[in-house]
Amino acid sequence: MSRRNFAAQKYSAPTLRAWLIASLAIIFVLSAALGGSWLYFFHTLNGAHVASLATATPGPAAPPSVSPLLVTHQLDLPGRGEVFPALAASASGTNAAKDYWPLALLTISNSGDRPVLETISIEIAGWSRPQQQTIVIGPRETRSLHLNPELLPAAYTNDEIRRAMLYVRAGTPAAETVYAQSRPVLIHGASDLYWGQRFSNAQYVARWVTPHDDEVLALISRAKRWVPNGRFSGYRVAGSSAQQAAWVRQQSAAIFQALKDSGITYVSSIFTFGDFVGQAQRIRLPRETLKLTNANCIDVSVAFASALENLGLQPVIVIVPGHAFVGVRLAPGSEDVLYLDLTVLPKGTLAAGVSRAQDWMKRVAPDKVLTIDIAAARLLKIYPLPTRSGSTSVQTAAVASDLNSSDE
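The residue numbering used here restarts from 1 in each chain and proceeds along that chain's sequence as written. Predicted model: local features are reported for residues with pLDDT of at least 70 only, side-chain atom pairs are reported and counted for 80 or more only, and whole-chain, interface and lining totals are derived from all residues. Note that the side-chain values use all heavy atoms of the structure and ignore hydrogens as well as water.

A. Region of interest: the sheet that holds strand β7 (residues 162-171). Taken in spatial order, the five strands line up as β2-β8-β7-β4-β5 in an open sheet, and their pairing is mixed. Either end of the sheet is taken by a strand with one partner, and the two such strands are β2 (82-83) and β5 (131-137). As judged from the seven bridges shared by strand β4 (residues 116-124) and β5, these two strands associate in the antiparallel manner. Paired with E118 across the two strands is I135, which belongs to β5. Pairing between strands requires that DSSP locate at least two bridges from one strand to the other. Only DSSP runs of H or I reaching four residues or more are called helices, and only runs of E reaching two or more are called strands; each is numbered from the N terminus.

B. Quick peek at the side chain of S252. Looking at the secondary structure, you find S252 in helix α5 (residues 241-262). The buried label applies to any residue whose accessible area, calculated with a 1.4 Å probe on protein chains only, is under 20% of its type's maximum; exposed applies above 50%, and partly exposed to all values in between. For S252, a relative accessible area of 1% translates into the label buried. Ignoring sequence-local partners within four residues, the contact set of S252 consists of F304, L308, V328 and L338. Contacts are assigned to residue pairs with any non-hydrogen atoms lying within 4.5 Å of each other.

C. Seen up close, the pattern of salt bridges. By definition here, a salt bridge exists when the distance from a side-chain nitrogen of Lys or Arg to a carboxyl oxygen of Asp or Glu is within 4 Å. The final tally for this structure, using the stated rule, is eight salt bridges. Close ionic contact of E150 with R129 constitutes a salt bridge, the shortest N to O distance being 3.5 Å. Here R129 lies in the loop between β4 and β5 and E150 lies in the loop between β6 (141-147) and β7, a separation of 21 residues in the sequence. With a relative accessible area of 42%, E150 lands in the partly exposed category. Note that R378 and E309 form a salt bridge whose closest N and O atoms lie 3.0 Å from each other. Within this pair, whereas R378 is found in helix α9 (residues 374-379), its partner E309 is found in helix α7 (residues 297-310), the two being separated by 69 residues in sequence. Each member of the pair, R378 as well as E309, is classed as buried. When salt bridges with common partners are traced through the structure, they connect E160, D192 and R282 into a single cluster.

D. Representation of unusual backbone geometry. Cis peptide bonds are those with omega within 30 degrees of zero, and the linkage from L345 to P346 qualifies with 10 degrees. Look at R80: it is not a glycine, yet its phi comes out positive at around 60 degrees. As for its position among the elements, R80 is in the loop between β1 (71-76) and β2. Under the relative-accessibility criterion, R80 is labelled exposed at 52%. Even without being a glycine, R140 presents a positive backbone phi close to 55 degrees.

E. Seen up close, the packing of helix α4 (residues 214-223) against α7. Their axes nearest at 10 Å, the elements α4 and α7 cross at an angle of 75 degrees. Looking at the two axes, α4 sits roughly perpendicular to α7. For the pair α4 and α7, the contacting residues are V216, L217, L219 and I220 in the first and S306, A307 and N310 in the second. The classification used treats Ala, Val, Leu, Ile, Met, Phe, Trp, Tyr, Cys and Pro as nonpolar, Asp, Glu, Lys and Arg as charged, and all other residues, Gly among them, as polar. Considering only residue class, the contact of α4 with α7 consists of five nonpolar, two polar and no charged. Where helices are involved, their axes are fitted lines through C-alpha atoms of the stretch in contact, as for all axes, and angles between N-to-C directions lie from 0 to 180°. Should an angle fall under 35 degrees it is called roughly parallel, over 145 degrees roughly antiparallel, and 65 to 115 degrees roughly perpendicular, with every other angle called oblique.

See below:
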């Protein structure tokens with residue numbers, strides 16, 4: 001028997017198949033075990049490496065906050081805490097009054113070596129909207145903030161001086177409140193005007209010229225009896241300059257006659273309260289003047305100017321020491337002005353009013369005459385005060401010698 005036949009007899013086909021399967025199984029188990037070991041090894045090594053990196057090289061920590069002892073706050077009220085709504089409305093705008101103050105001045109000093117982020121809140125309880133602003137005070141920096149919260153509509157329909165409380169608060173991301181202060185303030189009536197030193201705020205008289213007030217509209221309605229066909233057309237496009245000037249005079253005469261027909265009389269009512277009585281004055285809005293049919297020189301002047309502006313004419317208010325009267329340009333932008341002193345009412349004539357105004361212009365030095373051009377004031381965004389219909393208030397009638405000594 002040959003050796004090949006012996007091997008074939010010793011290992012049959014079924015036996016070889018079983019041996020092959022077993023070998024493959026052993027190889028598969030060993031490969032899986034080896035692969036699992038390598039995965040476990042690399043996972044452990046990688047985790048240890050990350051943990052080592054986290055321990056050895058930590059990320060940057062948030063900078064510590066600046067100690068409150070290094071930041072100081074100082075609150076001042078430059079205007080002694082008095083608020084004049086007619087001026088406060090524009091105190092932060094491009095048409096800000098020349099002689100007025102921010103309600104509050106907050107000075108913040110940072111003596112630390114890091115910047116400070118603060119949010120400043122301010123409110124006049126019941127009279128303004130809450131306002132906030134966020135600022136950064138640099139290392140060893142001092143900043144002064146002018147704080148002028150926006151007044152609510154109630155401030156512009158208020159008739160008398162009122163006490164209120166001002167609240168100022170400062171907070172940081174780390175602490176809601178790091179500084180808080182409250183101060184008493186005075187809210188003047190909407191009719192109070194602070195003239196400023198040497199009448200530097202005189203242009204704000206334009207805020208009292210309220211052409212859309214109901215009482216002004218009623219005055220114009222009564223005045224139509226004295227114009228042809230009951231029609232007011234303001235400045236006419238057609239016609240010569242002389243004809244246009246005559247038409248402006250006729251419309252002005254009609255409004256004068258309506259005022260005279262109402263029986264309006266003179267009364268001194270300029271007194272106001274507070275620490276600025278020498279430079280402040282109460283001016284009646286036209287709705288009050290026309291409702292009560294009495295006024296002083298500036299009261300009746302702004303009422304007349306309101307009617308002129310409603311018609312599309314260009315009125316001016318003239319202020320001389322101790323007195324005021326009105327004028328109207330005889331053409332748009334014209335230097336020819338019809339001046340009219342309305343204190344001749346209720347018995348005086350239009351001619352008498354013109355004569356009295358001309359007399360003032362002749363005897364007062366030009367540098368003592370202030371002319372407030374209402375059209376120019378509107379271009380400066382000095383707009384009418386908000387008005388309310390059907391409301392009047394009886395004001396104190398008093399004499400302030402430094403303001404009405406020349407009133408006639």
